[in-house]
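# Summary of the model geometry
Now for the letters of each chain:
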Amino acid sequence: MSASDLTLAETLDGLPRNGNGPVFAAPWEARAFAMTVRLASEGHFTWKEWTEALAHEIGHAAEHGECDDGSQYYRYWLAALEHLAAAKGLTNPVELEARTRAWIEAHHETPHGQPVELRRP
């Protein structure tokens, strides 16, 4: 079986977990994971396309000498999601950059300990 043939259940097998299921180091990791599952379940891309996109990001990082200690896994996950969403026409680089800037600004404007929320345009 190739990496591109993995099912969602098999993809989940590799994630850190506790007795309740997958665990994440930060809330954004869980959000990126949930968005990926949702978009795939809605048919925007297949799990084969997803695993190929994620493998590409991990391979690209390795080619550029990045350490493979697992600490950057969800950064690769997010990059794969952004690239795949753009390739499928769900977003574009300009929209992604604007949204990223909006989140950064919201983060800096939010008092410590409070949830970060985007303002509606």
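Scroll up a little and you will see the structure.
First things first, this report covers the structure right here in the doc. In this convention, every chain numbers its residues from 1, walking through the sequence in written order. Per-residue local features of the predicted model are confined to residues with pLDDT of at least 70, and side-chain atom pairs are confined, for both listing and counting, to 80 or more; whole-chain, interface and lining totals are unaffected and use all residues. In computing side-chain properties, one takes all heavy atoms of the structure into account and sets aside hydrogens as well as water.

### A short note on the side chain of Glu-57
- Relative to the elements of secondary structure, Glu-57 occurs in helix α3 (residues 47-63).
- Buried charge without a partner: Glu-57 forms no salt bridge, and the closest opposite charge is Arg-75, 12 Å away.
- Not counting residues up to four positions away in its chain, the partners in contact with Glu-57 are Tyr-76, Ala-79, Ala-80 and His-83. Under the scheme used here, helices are H or I runs from DSSP no shorter than 4 residues and strands are E runs no shorter than 2 residues, and both carry numbers assigned from the N terminus. The cut-offs for exposure are 20% and 50% of the maximum accessible area for each residue type, with area from a 1.4 Å probe on protein chains only; residues under the lower value are buried, those over the upper are exposed, and the others partly exposed. A residue counts as positive if it is Lys or Arg and as negative if it is Asp or Glu; His and the chain ends are not included. Each salt bridge in this description consists of a side-chain nitrogen of Lys or Arg and a carboxyl oxygen of Asp or Glu lying within 4 Å of one another. Whether two residues are in contact is decided by their heavy atoms: any pair within 4.5 Å suffices.

### Overview of helix α2 (residues 27-41)
- Taking 1.5 Å of rise per residue, 15 residues should cover 21 Å, and α2 covers 21 Å from first to last C-alpha, within 8% of that figure.
- Directly after α2, the chain includes Gly-43, whose backbone phi takes a positive value near 85 degrees. Here, expected helix span is obtained from the residue count minus one, scaled by 1.5 Å.

### Section: the environment of Glu-29
- Topologically, Glu-29 is positioned in helix α2.
- Ignoring anything within four residues of it in the chain, the contact list for Glu-29 reads Phe-24 and Tyr-74.

### Some points on the packing of α2 against helix α4 (residues 73-87)
- Note on definitions: angles span 0 to 180 degrees between N-to-C directions of axes, and those axes are lines fitted to C-alpha atoms, for helices only across the stretch in contact. Put simply, α2 and α4 touch, their axes get as near as 10 Å, and they point 40 degrees apart. Taken together, the axes of α2 and α4 are oblique relative to one another. Where α2 crosses over α4, the handedness of that crossing is left-handed. In this structure, α2 contributes Trp-28, Glu-29, Ala-32, Phe-33, Met-35, Thr-36 and Leu-39 to the contact, and α4 contributes Tyr-74, Arg-75, Trp-77, Leu-78 and Leu-81. Oblique is the label for any angle not covered by the other classes, which are roughly parallel (under 35 degrees), roughly antiparallel (over 145) and roughly perpendicular (65 to 115). Here a crossing is called left-handed whenever its near helix is offset anticlockwise from the far helix by less than a right angle, and right-handed whenever the offset is clockwise.

### A look at the packing of α3 against α4
- Orientation of α3 relative to α4, taken along the N-to-C sense of each, is 125 degrees, at an axis distance of 8 Å. Between α3 and α4, the interaxial angle falls into the category oblique. Two packed elements cross with a definite hand, and for α3 against α4 that hand is right-handed. Every residue of α4 that contacts α3 at Glu-49, Trp-50, Ala-53, Leu-54, Glu-57, Ile-58 and Ala-61 is listed here: Tyr-73, Tyr-76, Trp-77, Ala-79, Ala-80, Leu-81, His-83 and Leu-84.
- Classifying every residue of the contact of α3 with α4 by side-chain character gives 12 nonpolar, one polar and two charged. When residues are sorted by character, Ala, Val, Leu, Ile, Met, Phe, Trp, Tyr, Cys and Pro go into the nonpolar class, Asp, Glu, Lys and Arg into the charged class, and all the rest, Gly among them, into the polar class.

### Considering the packing of aromatic side chains
- Centres within 6.5 Å are what make two rings of Phe, Tyr or Trp a pair, Trp counting through its six-membered ring; a difference in plane orientation under 30 degrees is then read as stacked, over 60 as edge-to-face, and the rest as tilted. This structure, assessed with the given rule, holds eight aromatic pairs.
- Measuring from centroid to centroid gives 5.5 Å for Phe-33 and Trp-77, while their planes differ by 35 degrees, and the two rings are tilted. Here the residue Phe-33 occupies a position in helix α2, and Trp-77 occupies one in helix α4, the gap between them amounting to 44 residues. For the pair shown, Phe-33 and Trp-77 are each scored as buried.
- Members of the aromatic cluster, connected to one another through ring pairs, are Phe-24, Phe-33, Phe-45, Trp-50, Tyr-73, Tyr-74 and Trp-77.

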